[in-house]
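Residues per chain are reported as follows:
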Protein chains: 2
Amino acid sequence: MMAAPSIKEVAQRAGVSVGTVSNFLNRPWIVAPTTRQRIQDSISTLGFVRNEAARHLRAGHSRTVGLVVLDVANPFFTDVAEGAESLAYEHDTVVMLCNSKTDPVREGHHLDQLEQQRVMGILITPCDSADPRLLALTARGTPVVLVDRAADGGHCSVSVDDKLGGRLAGNHLIETGHQRIAFIGGPLTMQQVKDRLAGMTATVEKAGDVELQTHEVDVMGVVEGRAAGERIAQLPKRSRPTAAFCANDLLALGFLQAMAVAGLRVPQDMAIVGYDDIDFAAAAAVPLSSVRQPAELLGRTAMELLQEEVAAAELHRHRQVIFQPDLVIRESSSRP
Amino acid sequence: MMAAPSIKEVAQRAGVSVGTVSNFLNRPWIVAPTTRQRIQDSISTLGFVRNEAARHLRAGHSRTVGLVVLDVANPFFTDVAEGAESLAYEHDTVVMLCNSKTDPVREGHHLDQLEQQRVMGILITPCDSADPRLLALTARGTPVVLVDRAADGGHCSVSVDDKLGGRLAGNHLIETGHQRIAFIGGPLTMQQVKDRLAGMTATVEKAGDVELQTHEVDVMGVVEGRAAGERIAQLPKRSRPTAAFCANDLLALGFLQAMAVAGLRVPQDMAIVGYDDIDFAAAAAVPLSSVRQPAELLGRTAMELLQEEVAAAELHRHRQVIFQPDLVIRESSSRP
DNA sequence: CAGTCTAGTTGAATCGTCTTAATCCGCGAC
DNA sequence: GTCGCGGATTAAGACGATTCAACTAGACTG
């Protein structure tokens, strides 16, 4: 296993200078056809592969974008990644997917690594809304775009109107006649969760005689949803909510399973509305109503903003793009 | 936004040479305490961040490992990633997670990128067992470790005995009295799928009077499992299988949902056994029996083999590690 | 035939970090 | 007072690709 051949060896073998090989690689049309052929041959016999590190060093910036998500196992985020990657692909850049698992320490570690790699920029759904590290990063020259969370001006951001999402779910449940509603989500330090709850609360207050219970969880996964469901199923019928609004679909799925186990019928005994409208939601045992977020578009737009910021540099003005969510009504919350 | 400060500016400001700063960074103990302090101050006031590209260029190899999986949305693979990452973390290396989506073109693109980045090595669950590209990659100096697939000597590999897994599922279903069994999985070009089917087939043949139907799918996701389930549910009762063995849990989950929709009870009308034992399996509406694979261990071991190969270089002998799967029996296949 | 183009090619400098051999300096031993 | 020793520091190359000013050799113009 010898060392990988460099442009130099390619040049030598083709009988030209390194400059010409570089031209061949980057501006082939200015190289004479015969020379071009010789270089091509040399490259394939040697099995030459460009050294990205060297290009990067010379260029001063890499062709990689970091994407830090809260949970790779959540289809919502894989869809976001998909969207980001599709645009990246068109611009010949690479996406580095990092999983913070809602853990600030892990998140910090990933940010360090990405900064050391001098990535073009970072797309992130941060654990903490107001982490000063993000601003510091930007100040030191790495553009940061917030995903699924509105920024307050220091960054670009792409988000969905979570309060509206909460209101949509609230209106729907109240209209279908529910008077005791549970909210399941958390941690409540996360802006998205706070906003979804706020939207719901606003609707409930306007309606007057509706009771809202809040059940906080510390991670939004299936397991936690199931646990919350079990807790709620055990409540005496008189005080048990008749509907649940889960802050994401993973929670809702777990919650749904708990209902099945507890023998409560969905939607007759318990209506459920989730959030994100992941593919699983429509395909659940009882198809889940859910507040739909345009995940892929979110990712794609975030990448767009980043590319804008990178291109414009000094004269760039941060933008906050906000999408509207839709409520998709399915069996899990249809009128009994 | 000025350019990121380099070691040179740090040195200047601290009144030392770049060599000393480099020493501070890599072998702090040989630097005098007072100097150390001055450099530390300089670093923090300038906000210096190491340039990984330059280190990499100098060192000739990067501190990144590529991990290419078939489907990031499949919890099995996120568990594998978790395992790989945990070990990587201990060795101060970074994992770059790439999603091929069972698409050879995407896979190829990722491999190109990773090779250009001169990654330390690549852990991959390839689409095609026998892609010559993998051997070429190794020949050119990038170690490749196969994950969840046994290699034939050209690489290290970490896998699980899929034939045994198939036999375990087969024995279990036959013992519980089933005589018509469906196998759902695909594409059949994938070695894992082939082996799981082979194990099942062997058991069925030994038993004698058991019928096995094969239902091939082209991607192993929830949607496809659901479709297969719908197809099978429509069969007349006399010819409809009474049990299904799905080549992964995503398929099984989809299949389970289709049964619910079709009004078939699980396990009374249809027993189901999945594969991978992802967290979802235990938490499904009807808890799923599943052939358990040690996903995290798989990832961790793959990374271990890679590090071994990188360290040993010339004198390295490829190893094939094979784990044993376990059958976890839950409600979905318990005796009616 | 001198002069002007132009297409094609070259060589050297550069990016930021690490390493190696060389240098410096102060102190104790003789 | 000199020598040597060792701890601390430095200066000078790599590493591989890119770029840009400079150069060559023909072709063409007037």
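Refer to the preceding data block for the structure.
Report follows, based on the coordinates. What you see is a predicted model, and the numbers here were worked out from it, not measured in a lab.

## A closer look at the interface of chain A and chain B
Across the boundary between the two partners, chain A contributes 45 residues, which contact 45 residues of chain B. Counting the surface lost from both chain A and chain B, the interface buries some 4,400 Å², and carbon and sulfur atoms represent 59% of this. Taken together, the links from chain A to chain B amount to six salt bridges. Across the pair arginine 106 of chain B and glutamate 85 of chain A runs a salt bridge whose closest N-O atoms are separated by 3.0 Å. At the junction of chain A with chain B, the criterion picks out 12 residue pairs in polar contact (both at pLDDT 80 or more). Elements represented by at least two residues in the side of chain A that touches chain B include exactly helix H4 (52–59), helix H5 (75–90), strand E2 (94–99), helix H6 (104–116), helix H10 (222–233) and helix H11 (249–262) of chain A. The element contributing the most residues to the side of chain A that touches chain B is H6 of chain A, with six residues. The residue makeup of the side of chain A that touches chain B, split by class, is 20 nonpolar, 12 polar and 13 charged.

## Section: the pairing of strand E10 (residues 289–292) of chain A
Successive side chains on a regular strand alternate, one facing one side of the sheet and the next facing the other. Residue and element names in this part refer to chain A. Sheet topology note: the strand E9 (residues 271–276)/E10 ladder contains four bridges and is parallel. If you follow valine 273 over to E10, its bridge partner there is serine 289. Pairing of E10 with strand E12 (residues 326–328) involves three bridges; the strand directions are antiparallel. Bridge pairing in E12 places arginine 292 opposite aspartate 326.

## Points about the sheet that holds E12 of chain A
All names here are of chain A. Read across the sheet, six strands follow the order E7-E6-E8-E9-E10-E12 without closing on themselves; strand pairing throughout is mixed. At either margin of the open sheet sits one strand with a lone partner, and together these are strand E7 (211–216) and E12. Direction aside, neighbouring strands of the sheet carry axes that sit 20° apart on average.

## Section: the protein's contact with DNA strand D
Residues in close proximity to DNA strand D total 22 residues, the closest being Ile7 and Arg58 of chain A together with Ser17, Thr20 and Thr35 of chain B. Protein-adjacent atoms of DNA strand D, using a 4 Å cutoff, are sugar or phosphate at a proportion of 67%. With respect to DNA strand D, the side chain of threonine 20 of chain B contributes an N or O atom lying 2.6 Å from a phosphate oxygen. Within the side chain of arginine 58 of chain B, an N or O atom sits 3.2 Å from a base nitrogen of DNA strand D. Put simply, the parts of the chain that give the surface near DNA strand D at least two residues each are helix H2 (18–26) and H4 of chain A together with helix H2 (18–26) and helix H4 (52–59) of chain B.

The rules behind each value
Each chain has its residues counted from 1, running along the sequence as written. Throughout, the order in which chains and ligands are written sets their labels, letters from A for the former and numbers from 1 for the latter. With the structure being a predicted model, the display of local features is reserved for residues of pLDDT at least 70 and the display and counting of side-chain atom pairs for 80 or more, all residues being used for whole-chain, interface and lining totals. Excluding hydrogens and water, the side-chain figures rest on all heavy atoms present in the structure. By definition in these notes, contact holds between two residues if any of their heavy atoms fall within 4.5 Å. Computed with a 1.4 Å rolling probe, the buried area is the accessible surface lost when two parts are put together, summed over both parts. Every case where a carboxyl oxygen of Asp or Glu lies within 4 Å of a side-chain nitrogen of Lys or Arg is listed as a salt bridge. Pairs of N or O atoms are called polar contacts if they sit within 3.5 Å, as long as, within protein, a hydrogen donor faces a hydrogen acceptor (for residues adjacent in sequence, only side-chain-to-side-chain pairs). Going along the chain from the N terminus, every DSSP run of H or I of four or more residues is numbered as a helix, and every run of E of two or more is numbered as a strand. In this classification, the charged set is Asp, Glu, Lys and Arg, the nonpolar set is Ala, Val, Leu, Ile, Met, Phe, Trp, Tyr, Cys and Pro, and all remaining amino acids, among them Gly, are polar. For two strands to pair, DSSP has to find at least two bridges joining them. Note on geometry: axes are C-alpha line fits, over the in-contact stretch for helices, and angles between N-to-C directions span 0 to 180 degrees. Nearness of a residue to a molecule or strand requires only that one of the residue's heavy atoms be within 4 Å of it.

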